[in-house]
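Inside the fold
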Amino acid sequence: MISSAADASTTPAPWRQDATVIGLVGLAHATSHFSHLLLAPLFPIFMREFGLSYSQVGLLTSVFFVISGVGQALSGFLVDRVGARPVLFAAIACFIGSALAAATAQGWWGLLLAAALAGVGNAPFHPVDFSILNQRVSAPRLGYAFSVHGLTGNLGWALAPVFLVGIATWDDWRSAYWAAIAVYAAVLALLWSQREHLATRVVRRPAGQTAADDLAFLRLPVVWGCFGFFLLSTMTLAVVQTYASSILQAVHAVPLATATLTVTAYMLAGALGMLLGGWVAARVAAVDRVVALTMAAGAALMLLAATGWLGGFGTMAALAVTGLAIGIGGPSRDLLIRRATPAGATGRVYGTVYSGLDTGFALAPLVFGVLMDHGWYAATLAGGAVTLLLATGAALAVGGRTRPH
């Protein structure tokens, strides 16, 4: 059994103090997820404005996730060494730079710079967020903290297309990015004004240890089990985000405008699941089993959707409930990772395991895009279910090594 990183106090702090920390971190997390979609909603405009191809705009997304994934693994070390707060402020400054690059872009290279800066800014958010939450929030309330963290991330995803497309339709696409700069600046100003709630302890290397000892956590099987869990479960999310609308149109002749609501429904159901999951995580000690049960339920629903028996709207409903099931397991998943984290390595471990998320987003198009190109739509949904079942196995394996005896 691995000793958990017991950063959070077991004696509850005043509720208002914990709520302030949770709210500030949630706002930062929403900003991060907003930045995932800083460019994608306006791809059709970029293609028309600059004469770009699908491959060129798709590469912008790949650049974002490659930089974010590599940077996330590395930024955990930085967070442990200098603290989460300065890294958080630098990340939001990168988002401002990204939006500025997009607002002034004259072609693909300007958009590439925007994608790269957004990837750099996004990279440290999970090490930053979880270092702050684990150190500043009372242990009995961590389940609720992780619930809000996941919820705000989903809301950031949901807000970005509405915000950017809405302003671009009302005025101009460049105005949308100037408005995004104003939003980022306001968030940075608020976090700066409340910076005393965001400070974390700096981890000093003990006497006699070398830089090589900082990598000792990489020898822990549970760390790679958590990494694998994120990689696999994110591939399932990528199937829904990227291909669900196309599958519904091709298999069930669902109109495009209606089919695109599937992703929104999935995200909103996932947000509701996160709220319910916080209540569950605060009351159920066997968090690995909660994760496994919810993921297995989601996989079963995706397999049912793959059969085609449910029809168009039935498939949309099944995928939405899949989001609900996975969302319920989210806070328990984050508690499971906390149990797998050695003391003093919060940033490094969260940076490494959450880089599995970026890796999953990068790999999913390579795997499932081939199936879609061949018209194997049912196999694409079934493949998403299989990766979710494999993620279930990874969660149980991690739980077996970290469960208190």
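Definitions and cut-offs
- Residues numbered from 1 in each chain as written.
- Predicted model: local features only at pLDDT ≥ 70, side-chain atom pairs only at ≥ 80, totals over all residues.
- Heavy atoms only, no water.
- Helix = DSSP H or I, 4+ residues; strand = E, 2+ residues; numbered from the N terminus.
- Buried < 20%, exposed > 50% of the residue type's maximum accessible area, 1.4 Å probe, protein only.
- Areas by Shrake-Rupley, 256 points an atom, 1.4 Å probe, with all protein chains shown as cover.
- Phe/Tyr/Trp six-rings, centres within 6.5 Å; stacked < 30°, edge-to-face > 60°.
- Contact = heavy atoms within 4.5 Å.
- Axes fitted to C-alpha atoms, helices over the stretch in contact; angles between N-to-C directions.
- Left-handed = near helix turned anticlockwise from the far one by under 90°.
- Nonpolar A, V, L, I, M, F, W, Y, C, P; charged D, E, K, R; others polar.
- Parallel < 35°, antiparallel > 145°, perpendicular 65-115°, else oblique.
- Patch = residues over 30% accessible without salt bridge, like charges linked within 9 Å, V, L, I, M, F, W, Y side chains within 5 Å.
- Salt bridge = Lys/Arg side-chain N within 4 Å of Asp/Glu carboxyl O.
- Expected span 1.5 Å × (residues − 1).
- Bend = angle between axes of the 7 residues up to and from the residue.
- pLDDT = per-residue confidence, 0-100.

Counting its regular elements, the chain contains 15 helices and zero strands. Considering the chain as a whole, with its 405 residues, one finds that 56% of them fall into the buried category. Here the chain has roughly 16,200 Å² of accessible surface; of this, 69% comes from carbon and sulfur atoms.

One pass over the structure, following the stated rule, counts 15 aromatic pairs. Judged by centre distance (5.4 Å) and plane angle (55 degrees), the ring pair of Phe-89 and Trp-192 falls under tilted. Within this pair, whereas Phe-89 is found in helix 4 (residues 84–103), its partner Trp-192 is found in helix 8 (residues 173–193), the two being separated by 103 residues in sequence. When the centroid spacing of 5.6 Å and the interplanar angle of 70 degrees are considered together, the rings of Trp-224 and Phe-227 count as edge-to-face. Here Trp-224 pairs with Phe-227, and both are found in helix 9 (residues 221–252), just three residues apart, close to one helical turn. Its relative accessible area of 41% is what places Trp-224 among the partly exposed residues. Taken together through their ring pairs, the aromatic side chains of Phe-34, Phe-95, Phe-125, Phe-163 and Tyr-184 make up a single cluster.

With that settled, the discussion passes to the environment of Ala-269. Relative to the helices and strands, Ala-269 resides in helix 11 (residues 261–281). Looking at Ala-269, the relative accessible area reads 15%, which means it is buried. A sequence separation of 58 residues divides Ala-269 from Gly-327, and the C-alpha atoms of the two residues are 7.5 Å apart. Among all residues touching Ala-269, those that are not within four sequence positions of it are Ala-320, Gly-323 and Leu-324.

Closest axis-to-axis distance for the helix 9/helix 12 (residues 287–307) pair is 13 Å, and the angle between their directions is 35 degrees. In this structure, the crossing between helix 9 and helix 12 has a hand that is left-handed. Facing helix 9, whose interface residues are Phe-229, Thr-236, Val-239 and Val-240, helix 12 presents Val-291, Met-295 and Met-302. Grouping the amino acids of the contact of helix 9 with helix 12 by side-chain chemistry returns six nonpolar, one polar and no charged.

In contact at an axis separation of 10 Å, helix 1 (residues 15–36) and helix 6 (residues 125–136) are set at 175 degrees when each is read in the N-to-C sense. Taken as axis vectors, helix 1 and helix 6 run roughly antiparallel relative to one another. Judged by residue contacts, Asp-18, Val-21, Ile-22, Val-25, Ala-28, His-29 and Ser-32 of helix 1 engage Phe-125, His-126, Asp-129, Ile-132, Leu-133 and Arg-136 from helix 6. Of the residues contributing to the contact of helix 1 with helix 6, the split by class is seven nonpolar, three polar and three charged.

Looking at the element boundaries, Asn-154 is found in helix 7 (residues 142–170). Asn-154 has contacts with His-33, Met-267, Gly-270 and Ala-271, leaving out every residue within four places of it along the chain.

Phi is positive for Ala-253, which is not a glycine, with a value near 55 degrees. Relative to the assigned elements, Ala-253 resides in the loop between helix 9 and helix 10 (256–259).

Right, let's get into a nonpolar patch on the surface. A surface patch of nonpolar side chains, amounting to about 290 Å² of accessible area, comprises Val-66, Val-70 and Leu-74. Position of Val-66 among the secondary structure elements: in helix 3 (residues 54–82). By relative accessible area, Val-66 is classed as partly exposed at 48%.

The next subject is the environment of Cys-94. Locating Cys-94 in the fold gives a position in helix 4. Between the C-alpha atoms of Cys-94 and Tyr-184, which are 90 residues apart in sequence, the distance is 9.7 Å. Once residues within four sequence positions are removed from consideration, Cys-94 is found in contact with Leu-117, Val-120 and Gly-121.

The next point concerns the pattern of salt bridges. One pass over the full model with this rule turns up one salt bridge. In this structure, Asp-18 and Arg-141 form a salt bridge, with 2.7 Å as the shortest nitrogen-oxygen distance. You can see Asp-18 sitting in helix 1 and its partner Arg-141 sitting in the loop between helix 6 and helix 7, a full 123 residues away along the chain. A relative accessible area of 0% means that Asp-18 is categorised as buried.

Moving on: the environment of Ala-296. Tracing the backbone shows Ala-296 in helix 12. Those residues in contact with Ala-296 that lie beyond four places of it in its chain are Leu-389 and Thr-392.

This part takes up helix 9. The terminal C-alpha atoms of helix 9, which comprises 32 residues, lie 43 Å apart, in line with the 46 Å expected from a rise of 1.5 Å per residue. Considering bend angle alone, the principal kink of helix 9 is centred on Tyr-243 and spans about 60 degrees. Positive phi shows up at Ala-253, right after helix 9, with a value of about 55 degrees.

This next bit is on the confidence of the model for the chain. Overall, the prediction assigns the chain a mean pLDDT of 84, with 90% of residues at 70 or greater. The model gives residues 1–6 a pLDDT under 50, and that stretch makes 23 contacts with residues more than four places away or in other chains.

Checked against the element boundaries, Ser-98 lands in helix 4. In contact with Ser-98, other than residues within four places in its own chain, are Leu-38, Ala-114, Leu-117 and Ala-118.

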